[in-house]
Amino acid sequence: MFLIVGLGNPGAQYAANRHNIGFMAADAIHRRHGFSEYRSKFQGQIAEGTIAGIKAFILKPATFMNESGRAVREVCQFYKIEPEKIVVIYDELDLAPGKVRVKTGGGSGGHNGIKSIDAHIGSYYRRVRLGIGHPGDKSLVSHYVLGDFAKSDTLWLAPLLDAIADSADALAKGEDSHFTTKLALKLSSHAPPGAKDQTSHTTGHVKKPQSHIRQARNATPQKKPLATPPLAG
């Protein structure tokens, strides 16, 4: 049994934000692997299914980003899931758009969702960091991450999310190196400008899908979350 956590802010107004790429990736896995419908529980939206024959849960916290750890802790306590069986997918400012890094443990890098999870369950869980690029000035970060992806981003974003869904079997098996290798093979023909060598624990070719930005915007609205307004990072 393992848990995939996609990080983002709940609500239609945030659905297509750069900060919500974790939600987008979780939804792509959800669709590809035929998980159950999301249900409201554990201060989040949770679905159940199997990947590569392994029982799995997908969680999208319904708190705002800076309180994500509350939902993760509740799921882990209820299902007795150890941190090493958790994969958290989230946006990374310090990686070029479309670049992917996978690691276990480490610091938060200033990401408020990761800070919250670390505070509630410790830091020894697996992290899939999805590059969204940096606006170039620290004062612009909040506006940037809470801004929507540009239409041109679909050229790399849609293939990336599909490749993550296609490669999720490796995550389920705990084969992180194999996961990044699969991504690299799939995404080699879709690298955005400035994102050479997409994966280092990185990113391939898939059929052209419907825009994931549009899918995010059309997602079923969630219940009003419990928490303070979202914080960037």
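Draft legend 1. Expanded view of the nonpolar core. The biggest cluster of nonpolar side chains holds 39 residues, and the ones touching the most others in it are Ile 21, Ile 29 and Val 128. Looking at this core element by element, the count peaks at seven residues for helix α5 (residues 154-166). Setting aside anything within four residues of it in sequence, one finds Val 128 in contact with Val 87, Val 88, Ile 89, Tyr 90, Val 100, Arg 101, Val 102, Leu 171 and Phe 179. In terms of nonpolar packing, the next biggest core, distinct from the first, is built from 21 residues, Phe 42, Cys 76, Ile 114 and Ile 117 among them.

Draft legend 2. Fine view of the packing of helix α1 (residues 21-32) against α5. Here α1 crosses α5 at 50°, and the two axes come no closer than 8 Å. When the axis of α1 is compared with that of α5, the two are oblique. For the pair α1 and α5, the sense of crossing is right-handed. Counted together, Ile 21, Met 24, Ala 25, Ala 28, Ile 29 and Arg 32 of α1 and Trp 156, Leu 157, Leu 160, Leu 161, Asp 162, Ile 164, Ala 165 and Asp 166 of α5 form the full contact between these two elements. Among the residues forming the contact of α1 with α5, the class breakdown is 11 nonpolar, no polar and three charged.

Draft legend 3. Focus on α5. Its 13 residues place the ends of α5 18 Å apart at the C-alpha level, agreeing with the 18 Å of an ideal helix rising 1.5 Å per residue. When α5 is considered as a whole, its buried residues turn out to be Trp 156, Leu 157, Ala 158, Pro 159, Leu 160, Leu 161, Asp 162, Ala 163, Ile 164 and Ala 165.

Draft legend 4. Local environment of the side chain of Gln 45. Summarising the element assignment, Gln 45 is placed in strand β3 (residues 44-51). By relative accessible area, which is 10% here, Gln 45 ends up buried.

Draft legend 5. Layout of the environment of Arg 129. By the secondary structure assignment, Arg 129 is in strand β7 (residues 126-131). In the structure, Arg 129 is positioned 30 residues away from Lys 99 in sequence and 8.3 Å away in space, judged by C-alpha atoms. Reaching out from Arg 129, the side chain makes a polar contact with the side chain of Glu 92 at a distance of 3.1 Å.

Draft legend 6. Just the confidence of the model for the protein, in detail. Residues at a pLDDT of 70 or more form 81% of the protein, whose mean pLDDT is 87. Note on residues 220-233: pLDDT under 50 across the span, and 40 contacts to partners over four residues away in sequence or across chains.

Criteria and cut-off values
- Residues numbered from 1 in each chain as written.
- Predicted model: local features only at pLDDT ≥ 70, side-chain atom pairs only at ≥ 80, totals over all residues.
- Heavy atoms only, no water.
- Core = buried A, V, L, I, M, F, W, Y, C linked by side-chain atoms within 4.5 Å.
- Buried < 20%, exposed > 50% of the residue type's maximum accessible area, 1.4 Å probe, protein only.
- Helix = DSSP H or I, 4+ residues; strand = E, 2+ residues; numbered from the N terminus.
- Contact = heavy atoms within 4.5 Å.
- Axes fitted to C-alpha atoms, helices over the stretch in contact; angles between N-to-C directions.
- Parallel < 35°, antiparallel > 145°, perpendicular 65-115°, else oblique.
- Left-handed = near helix turned anticlockwise from the far one by under 90°.
- Nonpolar A, V, L, I, M, F, W, Y, C, P; charged D, E, K, R; others polar.
- Expected span 1.5 Å × (residues − 1).
- Polar contact = N/O pair within 3.5 Å; in protein donor to acceptor, adjacent residues only side chain to side chain.
- pLDDT = per-residue confidence, 0-100.

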